[in-house]
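Secondary and tertiary structure notes
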Amino acid sequence: PGMPAAPQRQQAQVQSPPSSGGVGTKQPPPREPRLTAAHLGYTHPGGSKPRGAKNQDTYFDLEIDEHNRVFGVLDGHGSENGTLVAQTAADAIRAHLAEHFNALRTAPDATFAAAFRAAHEAAREAVLGVEAGFKLVNGVVVEEWEDEDGTLRCEAIDGGTTVTVVALVDGATL
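These notes cover the structure that comes with them.

How each quantity is defined
- Residues numbered from 1 in each chain as written.
- Predicted model: local features only at pLDDT ≥ 70, side-chain atom pairs only at ≥ 80, totals over all residues.
- Heavy atoms only, no water.
- Helix = DSSP H or I, 4+ residues; strand = E, 2+ residues; numbered from the N terminus.
- Pairing = 2+ DSSP bridges.
- Axes fitted to C-alpha atoms, helices over the stretch in contact; angles between N-to-C directions.
- Expected span 1.5 Å × (residues − 1).
- Buried < 20%, exposed > 50% of the residue type's maximum accessible area, 1.4 Å probe, protein only.
- Contact = heavy atoms within 4.5 Å.

This brings us to unusual backbone geometry. Here N138, not a glycine, exhibits a phi torsion of approximately 50 degrees, which is positive. The phi torsion at D170 lies on the positive side, around 55 degrees, for a residue other than glycine. Note that D170 resides in the segment after β6 (160-168).

Laid out in structure tokens, this is it:
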């Protein structure tokens, strides 16, 4: 009989921990059914608004790769600041999810909640910056003034948005 075979040396496979990154971060292969997504955007001022009414809607598309993508639609409201709030919120949500896309795999609720908190804070700061007289009272942006008899008046500033966000993760999870 011959000599026993020498043991084979195996190199340990070391994997680095996953980053919370998104854009520019290599994504895992898609799972079945391997969905891909595309979009077409169109908005309209809506309803029976007069001709030439300002459209306060906006949307965004965040493409990580063909199997990982986020879509957001924001419906701004409030005649003075609806557009500002919707666009600011869209930018904040998109930026947060671009940076933390991988977290959607393990903690989607917390990731979306953090994105919406970032959008809320960014929108509030944007509205505060519209006029020097605006201020924050109990978390609400208000304008204060004195009327002709010296009575201090206060009114909440208009402007808000509703948000719908959908994420396609690894070609299978929406």
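What follows concerns the sheet that holds strand β4 (residues 140-146). A sheet is described by the order of its strands in space; here 3 strands give the open sequence β3-β4-β5, paired in antiparallel fashion. The open sheet has two edge strands with one neighbour each: β3 (134-137) and β5 (152-156). Each adjacent strand pair in this sheet contributes to an overall mean axis angle of 45 degrees, direction not counted. As defined by bridge partners, β4 adjoins β5 across 5 bridges and the pair is classed as antiparallel. The residue bridging E143 from the neighbouring strand is E155, located in β5.

All right, on to the pairing of strand β1 (residues 57-65) then. Pairing of β1 with strand β2 (residues 68-77), which is carried by 8 bridges, proceeds in the antiparallel orientation. By the bridge assignment for β2, L62 is matched with V70.

Okay, helix α3 (residues 108-128) next. Here α3 is 21 residues long and its end C-alpha atoms lie 30 Å apart, about the 30 Å a rise of 1.5 Å per residue gives. Among the residues making up α3, those that are buried are T111, F112, A114, A115, A119, A123, R124, V127 and L128. Where α3 is buried, its residues contact α1 (82-99), α2 (103-106), β3, β4 and β6.

Counting through the fold element by element, E66 comes out in the loop between β1 and β2. In this structure E66 comes out as partly exposed when scored by relative accessible area, which is 49%. C-alpha separation for the pair E66 and A37, spaced 29 residues apart in sequence, amounts to 7.1 Å. Here E66 is in contact with L35, T36, A37 and L168, once residues within four sequence places are set aside.

So, about the environment of A89. If you trace the backbone, A89 turns up in helix α1. With 72 residues separating them in the primary sequence, A89 and T161 have C-alpha atoms 8.1 Å apart.

The next subject is α1. A rise of 1.5 Å per residue sets the reference length of α1, with its 18 residues, at 26 Å; its end C-alpha atoms lie 26 Å apart and thus fit the reference within 8%. By the burial criterion, the buried members of α1 are G82, V85, A86, T88, A89, A90, A92, I93, H96, L97 and A98. Where α1 is buried, its residues touch β1, β2, α2, α3 and β6.

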